[in-house]
Amino acid sequence: MKYRKLGASDLSVSEISLGSWLTYGVGVARDQAAACVDRAFDLGINFIDTANVYGRGAAESFLGEVLARRPRQSYVLATKVYFPMSATDQGLSHAQILKQIDASLKRLRVDHVDLYQCHRYDLSTPPEETMQALTEIVRAGKVRYIGFSEWSAQQITRSFEVPGSERFVSSQPQYSLLWRQPEDQVIPLCATKGISQIVWSPLAQGVLSGKYQPGAPRPAGSRATSSSMGGMMGSWLTPAVLEAVQKLKPVAQEAGCTLAQFALAWVLRQPNVASAIVGASRPQQLDENAAASDLAIDPALFARAETIVAPVRRGS
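Calculation criteria
Residues numbered from 1 in each chain as written. Predicted model: local features only at pLDDT ≥ 70, side-chain atom pairs only at ≥ 80, totals over all residues. Heavy atoms only, no water. Helix = DSSP H or I, 4+ residues; strand = E, 2+ residues; numbered from the N terminus. Rg over C-alpha atoms; globule rule 2.2 N^0.38 Å. Buried < 20%, exposed > 50% of the residue type's maximum accessible area, 1.4 Å probe, protein only. Contact = heavy atoms within 4.5 Å. Salt bridge = Lys/Arg side-chain N within 4 Å of Asp/Glu carboxyl O. 1 Å grid on protein atoms, 1.4 Å probe; cavity = no way out; pocket = protein on both sides within 12 Å on 5 of 7 lines; lining within 4 Å. Points joined across faces, edges and corners; volume = space filled by probe spheres on them. Nonpolar A, V, L, I, M, F, W, Y, C, P; charged D, E, K, R; others polar. Polar contact = N/O pair within 3.5 Å; in protein donor to acceptor, adjacent residues only side chain to side chain. Expected span 1.5 Å × (residues − 1). Phe/Tyr/Trp six-rings, centres within 6.5 Å; stacked < 30°, edge-to-face > 60°.

Draft legend 1. Inspection of the overall build of the protein chain at higher detail. A tally of helices and strands in the protein chain yields ten helices and ten strands. A globule of 316 residues ought to have a C-alpha radius of gyration of about 20 Å, and the protein chain, at 19 Å, matches this closely. Here the C-alpha coordinates of the protein chain stretch approximately 50 × 40 × 35 Å along the principal axes. Put simply, the protein chain has 316 residues, and 58% of those count as buried. Sequence separation of at least 24 residues holds for 79% of the intrachain contacts in the protein chain that already meet a minimum separation of 6.

Draft legend 2. A look at the pattern of salt bridges. Overall, the coordinates contain 21 salt bridges when judged by the stated rule. Across the pair Arg-39 and Asp-287 runs a salt bridge whose closest N-O atoms are separated by 2.6 Å. With Arg-39 in helix 1 (residues 30–42) and Asp-287 in helix 9 (residues 283–290), the pair connects residues that are 248 residues apart, well separated along the chain. According to the relative accessible area criterion, Arg-39 is partly exposed, its value standing at 28%. You can call Asp-287 partly exposed: its relative accessible area is 32%. When the shortest N-O distance is used, the salt bridge between Glu-306 and Arg-180 registers 3.7 Å. Separated by 126 residues along the polypeptide, Glu-306 in helix 10 (residues 299–309) and Arg-180 in the loop between strand 8 (168–171) and helix 6 (186–193) bring together distant segments of the chain.

Draft legend 3. Focus on empty space enclosed by the protein. The tally for this structure, following the rule as stated, stands at one cavity of 30 Å³ or more. If you add up the space inside the largest cavity, you get close to 50 Å³. What lines the largest cavity is Leu-92, Tyr-121, Asp-122, Thr-125, Pro-127, Thr-130, Met-131, Trp-151 and Ser-159. Residue classes in the lining of the largest cavity are distributed as five nonpolar, three polar and one charged.

Draft legend 4. Quick peek at the side chain of Glu-60. Mapped onto the secondary structure, Glu-60 falls in helix 2 (residues 58–67). Polar side-chain contacts of Glu-60 include one of 2.7 Å to the side chain of Arg-107. If near-sequence neighbours (up to four positions away) are discounted, Glu-60 is found in contact with Thr-50, Ala-51, Asn-52, Thr-79, Ser-104, Arg-107 and Leu-108.

Draft legend 5. Looking closely at helix 2. Burial analysis of helix 2 places seven of its ten residues in the buried class, which makes it a mostly covered element. Among all positions in helix 2, only Ala-59, Glu-60, Phe-62, Leu-63, Gly-64, Val-66 and Leu-67 are buried. Buried residues along helix 2 sit in contact with helix 1, strand 4 (47–49), strand 5 (76–81) and helix 3 (94–108).

Draft legend 6. Fine view of the layout of surface pockets. By volume, the second largest pocket is sized at about 200 Å³. Taken together, 13 residues line the second largest pocket, and the ones lying closest to its centre are Glu-150, Trp-151, Ser-152, Gln-181 and Val-186. Residue composition of the lining of the second largest pocket, by class: six nonpolar, five polar and two charged.

Draft legend 7. Inspection of unusual backbone geometry at higher detail. Notably, Ser-201 is not glycine yet its phi reads approximately 55 degrees, a positive angle. Note that Ser-201 resides in the loop between strand 9 (196–199) and helix 7 (239–255). The exposure class assigned to Ser-201 is buried, which follows from its relative accessible area of 11%. With a phi close to 50 degrees, Ala-204 is a non-glycine residue in the positive phi region.

Draft legend 8. Layout of the environment of Asn-46. With respect to the helices and strands, Asn-46 occurs in the loop between helix 1 and strand 4. By relative accessible area, Asn-46 is classed as buried at 13%. With 32 residues separating them in the primary sequence, Asn-46 and Ser-14 have C-alpha atoms 5.7 Å apart. Residues contacting Asn-46, with those up to four places away along its chain left out, are Tyr-3, Ser-12, Val-13, Ser-14, Ser-74, Tyr-75 and Val-76. A polar contact is formed between the side chain of Asn-46 and the backbone oxygen of Ser-12, at a distance of 2.9 Å.

Draft legend 9. Broad picture of helix 4 (residues 127–139). Taking 1.5 Å of rise per residue, the 13 residues of helix 4 would be expected to cover 18 Å, and the 18 Å separating its terminal C-alpha atoms lies within 8% of that figure. Every buried residue belonging to helix 4 is among Pro-127, Thr-130, Met-131, Ala-133, Leu-134, Thr-135, Ile-137 and Val-138, and all of these are buried. In the stretch just after helix 4, Gly-141 is the one whose phi turns positive, near 85 degrees.

Draft legend 10. The packing of aromatic side chains, seen in detail. Per the stated rule, a full pass over the model turns up ten aromatic pairs. Aromatic pair Tyr-24 and Phe-62: ring centres 5.6 Å apart, planes at 45 degrees, arrangement tilted. Residue Tyr-24 is found in the loop between strand 3 (16–18) and helix 1, and its partner Phe-62 is found in helix 2; the two are separated by 38 residues along the sequence. You'll find Tyr-24 and Phe-62 in the same group, each marked buried.

See the structure below:
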């Protein structure tokens, strides 16, 4: 496993990180999920990403339990705040940030998180209020660094205009061969601001593994067949997308790797990307994904892959 510096921080994070959206505490059995976390550590994955809203606290509670037996300095822990935790608890107001960080720390069984991320931008709260609250929890020792997810370039710029506040070190956008929107404005801006990308859905929710065949039943046990995990996949499971993805397999074979490894290596070719978040329901999936960190692939193969998926990719 290789590691990269996270923006203008002193955090060193594994190029492949373990996420918990739709999986731990929700869609994957507890023992199976614990085995995935254990395997992640075996493979050198040191970066664990979660959010308070995942399972309405269930993912954080699960991670708090399984990480409790490990030295705190052995992993980099990130969580998020914004989405509703109750009918009255949501957003990035001063009161909510102070309330939700304490609740997250309790569930995670730690006295601080390494990275606290604004899960989305809060249009109803002045950025000055949000940045003040984030600054307070950093200086109180509850959070080491701050980040955001899915903010626009304008919103990022606005946060840097708030005087005397802590600065963001990470951005968490969707980014993959099939979704390249961050390349237009977010990645170039972040590169000038000391902000690294921690990308989610680098495999387009598993579609870029190539396991979904056009016109064929979904594989048993896959995310697409799960009532708790497959609800967000519909837009990726179209015949045109699946046919294009199948055409990527010979390119990955020429590169000497699986299609999933090729897709992860494509994301990691971008120097502003610090880590690619993967979800895993089985430890074997992590074995395959973690191997992408060691790959050196001819850029010409990446260019060929980009041409293949150009007609079906989104986020342009």
